[in-house]
Amino acid sequence: MSTNLPDALAEYAEIVFLAPEKCKFSMTAGGFLALEYGEDKFPVVSAYRSFPLTLGDKYISIRDDKEKEIGIIVDLADFSSDQANLVRAELERRYFTPVVETVVKMKEEFGYIYWEVITDRGPRRFTSRGQHDSIVPVSDTRILILDVDGNRFDVPDVRLLDAKSAKLLESLM
Amino acid sequence: MHQLEPIPEGVRQALNAHGITDAQIKLCAAGDMTTEGNFAEAWLVATEQELCILTGVKAVVPKDKRFGRKQVAEQWQEVSYRTVALSAIEEVKAQSLNGNGLLVITIGEQAEVACRYSNTMARKFGQFARLLNKLRKGEQLTEKDFTAEVYQPQCPTCGRLYPNPTRRVCPRCLDKRKLFMRVLSFMPRYKKQVIQILLCMFAGSLLQILSPYVNNRVFFDEVLNPAGKYAGRIFSAVLVMGAIQLVSIAASIAHGRINAELTARVVFDLKTSVFQAMQRLSLSFFTSKETGSLMTRVNSDATHLQYFFHDGFPYFIVNAINLIGIITVMLMMHWQLTLLVLLPTPLIVLCVTKAFPKLWNAFSRRWRHNSALNSLVNDALTGIRVVKAFGKEDTERERFMQRNTKVYQVNMQVGHIQAVLFPVMGLIMGAGRPIVLSIGGWQVISGEITIGTLMTFLSYLSMLYGPLEFMTHIVDWWSSCMNAAGRIFEILDATPDVAERKDPVRLPNLSGHIELNDVSFGYEPNKTVLENIALEIKPGEMLGVLGYSGAGKSTLVNLISRLYDVQEGCIKIDGVDVRDIAVADLRAQIGMVLQDTYLFAGTIMENVAYAKPGATIEEIIRACKVARAHDFIIKLPNGYDTLIGHRGQNLSGGERQRLAIARAILHNPRILILDEATASVDTETERGIQEGLESLVKGRTTIAIAHRLSTLRNADRLLVIDKGKVVETGTHEDLIKLQGHYFKMLEKQRNALKIRGVEVSEHQLAGRAG
Ligand SMILES: Nc1ncnc2c1ncn2[C@@H]1O[C@H](COP(=O)(O)OP(=O)(O)OP(=O)(O)O)[C@@H](O)[C@H]1O
Ligand SMILES: [Mg+2]
């Protein structure tokens, strides 16, 4: 694996990059991810994103049941699609973030914003604390909405929403 | 029947259909997601024998495409049902993932997901897991297990979600009138001023209304008119007008002055009580996410209330009187014309309610972008060393440009809105004038009304719209004031979790015996930081605590000094539960040197004397000598009088730590807690401090946390914590023999030194060379 770090440093920063051909992910009957890596067998592993907001499919840390890092997947695209999908499903479960499709209602009142939205996971009502604390701008067109309980809702591109939803959201950006 | 939450009728029927009767249900909770991650309802119901997992949907019958509260028919439709025998379950765990949580049950070797839920429900399911484990082990659930209130995410009155379900205050249904009365209750202390203000306001309003009448009607019709009552008495008329003006100005000056004084006093009182209340609250109140921006919020809320007293309430009364007074006089003078003039009023109301929010929105956006810009400047300036060190001036300039452009854009937007809005408003408000002029003018000519009446009318007209506009947004404004008040009272009323018992045990002379029984603790519901810690520290003993970063060492001492309360188990000092000991006694006798040294803005002298305000100069110098701080202080040009800037940025890390140690030494506690107290100090100085401390530590219970093993050379006993559990305890020799964690740490530190060609014996490293 080529890195830009000086070789001397590479020796100390021992990152294990998981070779796609040596990985065999599978799903346990209970719906958890398992991994065979060469000789090693891990009955339960978990997957973490290094860059949950910007690089969802890259630099994925695979950890064993003691949360110890087994290695890092550089890019899920290097894996066969069914292997990648297994990992992706696990990631999507961990970083559960419904995508807002329509903003039905958004009312700012008493320092809180009351929302009614339709997400790709179904309709949802939630409350977020005033604008400053709850709207995280990820880019010029993308925002993340945090509700009072720490649930997250993604708006990947405000411009792609219907006119009414976009207008409601724009007042916050 | 014990439950975590009430079961709705549809679900009850579904359960009954599966042969589960109400009496069998021991525990139940609703999740809000399917295991695939779609929003839907899922019920977990436990009887004494089994766990039932029931999922279903509420059939949504939309009246239009959007869904709304009233359009959701509460019709439960079952989707799936399965049961698991409790005896088959090995373990139940509430596992929190980043965006949601899983209730995982282990059957045999196999872990599976029983239920998935959003973070909203995390606390509830944490509790559910704990209770289900009890049930599984055949234990009976008692009332005590259900002390946590029934889960209720919505306000029962208006159906709105609570902004914070653990707090259960619905800002909408908050009794505004009660709040208002309570805000006003700050006023009676100043009865005299309030009465004075009211009198001034009445007088001022009266004169204000009178003045156009005298200036126009009386002057033109009675003075200038040869047939008038006061024909020709111009001088006296002007005198009267001047007098009215003078008295009116005097009243307004008096009002302003008294009001300013009153407001300042009320706000002063308010801030004082808020600050006092905050000091009383527990640490967890401040570190919870909920109150992240507590300080700014309290400040801005107090400012809001200040506006209320200063601009809002008095002006409301003034405007109300003016409005009623003016309209009454106008109606009396010429009711037909008055009604005509009032015609555009609805338009004004419309304009204010529809268009103004846009402007406010833009204002708040401008405010936000401005504060973003400010924080960037602030960041770049405080971090200027880093910026310079990495040569990143250009990047910073670029970032500044970006934000500044946003500010510029939003400024322009505000300008554009204003440029349209105000002329249009002016136009509507001015619409009354041509009406009055044309109809009135015509009537003047035909002799129906006098010219004075017309002029008076025009004057009143210009006075009318101001109060009208004010009244249109008073409602909005009132509710935002009441919210500010609500939040302030919330702090005033909050009961600290770490509260003193009613009749606390007084322990003015601790011996310093500490005992921990099965203590478990977590800052957040689903994440235990300490688990089943059992520990005894004898009076006068020095205990060294080691462990990897994040193991829970600081947390342990936070619990002992009762900055937080344990969740399970108990901590006893001298045989008394810390929760029963008078907080003042506890604080007076526990001294902490914290990992992150905090120095207040003030002199070195003041900082050291913080814990003991009456300390003599000699005491202070002695404490600084023990802490090895005296020498460096003396070398400073201003010595002990040196002003330490914000957080002591002009001192080195080790110097700051030594001041903190001196502070603790002066405090002279029975129990001394040193959390990485000498981590930033070189080993030589550390040894010096320790020698000084040794005499001091003698006879005192000391808990010292350190990563550098040599720091703990004097410890009577060592305790190794790993992932929240005590893994090893014993003397240095014991632990070496054990060849466990401690041994490994020792090896690693020795190897680290070996790399640099330093040969050290194990005893030297552990500081037992003697
Ligand atoms: N106020 C807090 N709220 C939430 N979690 C916290 C809080 N303080 C600490 N934690 C978490 O609790 C765990 C233990 O923290 P603690 O400060 O006790 O560690 P430590 O052993 O003192 O580590 P170090 O050696 O780095 O000081 C960490 O995972 C930390 O993230
Ligand atoms: Mg610590």
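Preceding this paragraph is the structure being described.
Residues numbered from 1 in each chain as written. Chains lettered and ligands numbered in written order. Predicted model: local features only at pLDDT ≥ 70, side-chain atom pairs only at ≥ 80, totals over all residues. Heavy atoms only, no water.

Student: What is the right way to look at the pairing of strand 8 (residues 514–521) of chain B in this model?
Tutor: Within a regular strand, side chains alternate between the sheet's two faces. Residues and elements named next belong to chain B. Where strand 8 lies against strand 9 (residues 530–537), 5 bridges are found, and the strand directions are antiparallel. Its bridge partner lying in strand 9, Ile514 is registered against Ile537. Where strand 8 lies against strand 11 (residues 568–573), 5 bridges are found, and the strand directions are antiparallel. Bridge pairing links Glu515 to Lys572 in strand 11. (Pairing = 2+ DSSP bridges. Helix = DSSP H or I, 4+ residues; strand = E, 2+ residues; numbered from the N terminus.)

Student: Explain the nonpolar core to me, please; I cannot follow it from the model alone.
Tutor: Among soluble globular proteins, nonpolar side chains are generally buried collectively. Residues and elements named next belong to chain B. Residues Leu546, Val608, Ile620, Cys624, Ile633, Leu659 and Tyr742 are the most contacted members of the largest nonpolar core, which totals 45 residues. Element by element, the count of residues in this core is highest for helix 19 (residues 653–667), at 7 residues. Excluding its chain neighbours within four sequence positions, the residues that come into contact with Ile620 are Met605, Val608, Ala609, Ala615, Tyr640 and Leu666. Core analysis: the next-biggest nonpolar cluster, separate from the first, contains 32 residues, Val519, Ala551, Val557 and Ile571 among them. (Core = buried A, V, L, I, M, F, W, Y, C linked by side-chain atoms within 4.5 Å. Buried < 20%, exposed > 50% of the residue type's maximum accessible area, 1.4 Å probe, protein only. Contact = heavy atoms within 4.5 Å.)

Student: Explanation requested: the site of ligand 1 in the structure shown.
Tutor: All names here are of chain B. Surrounding ligand 1, one finds 15 residues, the nearest of these being Ser549, Lys553, Ser554, Thr555 and Gln595. Here an oxygen atom of ligand 1 and a side-chain polar atom of Ser554 are 2.6 Å apart. The side chain of His707 places a nitrogen or oxygen atom 2.9 Å from an oxygen atom of ligand 1. Protein chains bury 69% of the 630 Å² of accessible surface belonging to ligand 1 in isolation. (Near = heavy atom within 4 Å. Polar contact = N/O pair within 3.5 Å; in protein donor to acceptor, adjacent residues only side chain to side chain. Areas by Shrake-Rupley, 256 points an atom, 1.4 Å probe, with all protein chains shown as cover.)

Student: Is there a simple way to explain the side chain of Asp585 of chain B in this structure?
Tutor: Residue and element names in this part refer to chain B. Positionally, Asp585 belongs in helix 15 (residues 583–589). For Asp585, a relative accessible area of 7% puts it in the buried group. Apart from residues lying up to four places away in sequence, Asp585 is in contact with Val505, Arg506, Leu507 and Pro508.

Student: I'm lost on the sheet that holds strand 16 (residues 671–675) of chain B in this one. Help?
Tutor: Two strands in a sheet stick together by hydrogen bonds in their backbones, pointing the same way (parallel) or opposite ways (antiparallel). All names here are of chain B. Spatially, 6 strands are ordered 13-16-17-10-18-19 in an open sheet, and the strand pairing comes out mixed. Of all the strands in the sheet, just strand 13 (590–593) and strand 19 (725–730) have a single pairing partner and so form its edges. Between one strand and the next, the sheet's axes are offset by a mean angle of 15 degrees, whatever the strand orientation. Bridge count between strand 16 and strand 17 (residues 701–705): 5 bridges; the pairing is parallel. Across the sheet, residue Leu674 finds its bridge partner in strand 17, namely Ala704. (Axes fitted to C-alpha atoms, helices over the stretch in contact; angles between N-to-C directions.)

Student: Any chance you could explain unusual backbone geometry here in plain terms?
Tutor: Trans peptide bonds make up most of the peptide bonds, and negative phi angles are found at most residues other than glycine. Residue and element names in this part refer to chain B. Although it is not a glycine, Asn532 adopts a positive phi angle of roughly 45 degrees. In this structure, Asn532 sits in strand 9. We classify Asn532 as partly exposed; its relative accessible area is 49%. Positive phi, close to 55 degrees, is recorded for Gln739, a residue that is not glycine. You can see Gln739 is positioned in the loop between helix 21 (732–738) and helix 22 (741–755).

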